[in-house]
Amino acid sequence: MGRILTLTLLLSLFFATAHAQDVIVRKNGSTIEGKVVEVGIDKVLYKISQEANAANFVVRKNELLRIEFGNGQTIWFDKRAERSNVRGRERNEPIVQDEELGKNKIDFSPFKALDSGPGFGISYERILDKRGYFGLLLPFTLTIPDSYYLPSIGENSDDQMYYFSPSLKVYPFGQKRVTYAVGPTLFTGIGTKWQYTNKYDPLTGVTTSSEEERQRFRMGMIVNNYVNFQITPHFQIGLNAGVGPRYLDREKYHSSTYRNGRMEITGEFNFNLGFRF
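This section reports on the structure supplied with the text.

Reading guide: rules and limits
Residues numbered from 1 in each chain as written. Predicted model: local features only at pLDDT ≥ 70, side-chain atom pairs only at ≥ 80, totals over all residues. Heavy atoms only, no water. Helix = DSSP H or I, 4+ residues; strand = E, 2+ residues; numbered from the N terminus. Buried < 20%, exposed > 50% of the residue type's maximum accessible area, 1.4 Å probe, protein only. Polar contact = N/O pair within 3.5 Å; in protein donor to acceptor, adjacent residues only side chain to side chain. Contact = heavy atoms within 4.5 Å. Salt bridge = Lys/Arg side-chain N within 4 Å of Asp/Glu carboxyl O.

### Observations regarding the side chain of N270
Looking at the secondary structure, you find N270 in strand 17 (residues 264-276). Under the relative-accessibility criterion, N270 is labelled buried at 5%. Here the side chain of N270 touches S109 through a polar contact of 3.0 Å, side chain to side chain. The contacts of N270, once residues within four sequence positions are left out, are S109, F111, K112, G238, L239 and N240.

And the structure:
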């Protein structure tokens with residue numbers, strides 16, 4: 001009788017081990033139950049069926065938090081989460097997993113300094129790839145206008161510029177709580193400028209003054225450096241600064257066009273508050 005019980009227990013343990021499921025845990029908290037076939041350099045292969053000829057499925061390692069194997073072994077892919085897990089067990093605290101960061105960002109810039117003066121703006125960014133190494137940033141900026149009193153019309157008028165600056169951002173370390181990015185920005189600015197001029201007529205000896213509104217156009221490229229602080233999974237604070245050449249600086253009045261023929265160095269500084277989703 002004792003031998004039968006022992007044999008039954010051993011067979012039960014054998015079958016339980018043979019059919020034990022591995023659990024793949026993603027960073028967003030979702031799980032996959034199956035059988036891990038291979039842990040590669042950048043991906044994990046697994047089956048969801050116990051049959052030998054069942055199809056293999058693939059999941060990228062940078063999406064994973066850990067793998068809990070059926071034999072009780074656990075492999076961690078996020079070292080920070082592993083350290084938090086160890087500390088939590090030591091303190092008997094619940095484990096809090098990192099929440100997956102969204103690929104969309106909307107930023108408001110209460111202060112932004114450009115080549116034509118200070119301003120403010122809004123921007124949208126989309127992370128382009130699954131690993132979070134590339135982003136496309138689309139900012140729109142309005143400079144704070146300078147106000148002038150025009151004697152000829154007896155009222156104030158403003159200079160103002162609008163900028164659209166598409167940017168490619170490269171994140172060499174991916175998406176983290178504190179991220180660094182670098183990339184080129186192609187800026188285009190349009191606006192108006194009031195020009196005050198004095199004209200002397202040598203025949204009459206009279207000097208006349210006039211004000212004219214000129215249409216402005218600027219274009220150039222800046223290499224920006226970005227630092228972003230992810231305060232919560234949805235709220236962020238960012239800074240960026242950069243320098244680069246301004247290729248075009250043109251002013252137009254009626255049929256006349258005035259160009260600055262020299263390529264000048266320009267820059268940008270920006271502080272923003274954002275929402276990520």
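More follows now that the structure is in view.
### As for the pattern of salt bridges
Counted by the stated rule, this structure contains 11 salt bridges. A salt bridge links D249 to R218, with the shortest nitrogen-to-oxygen separation between them at 3.2 Å. With D249 in strand 15 (residues 235-253) and R218 in strand 14 (residues 206-230), this pair connects stretches of sequence that are 31 residues apart. Since its relative accessible area comes to 13%, D249 is described here as buried. Of the charged contacts, one joins R246 and E264 as a salt bridge, the two residues approaching to 2.3 Å between their closest N and O atoms. Here the residue R246 occupies a position in strand 15, and E264 occupies one in strand 17, the gap between them amounting to 18 residues. Salt bridges linked by common partners bring D115, R218, R246, D249 and E264 together as one network.

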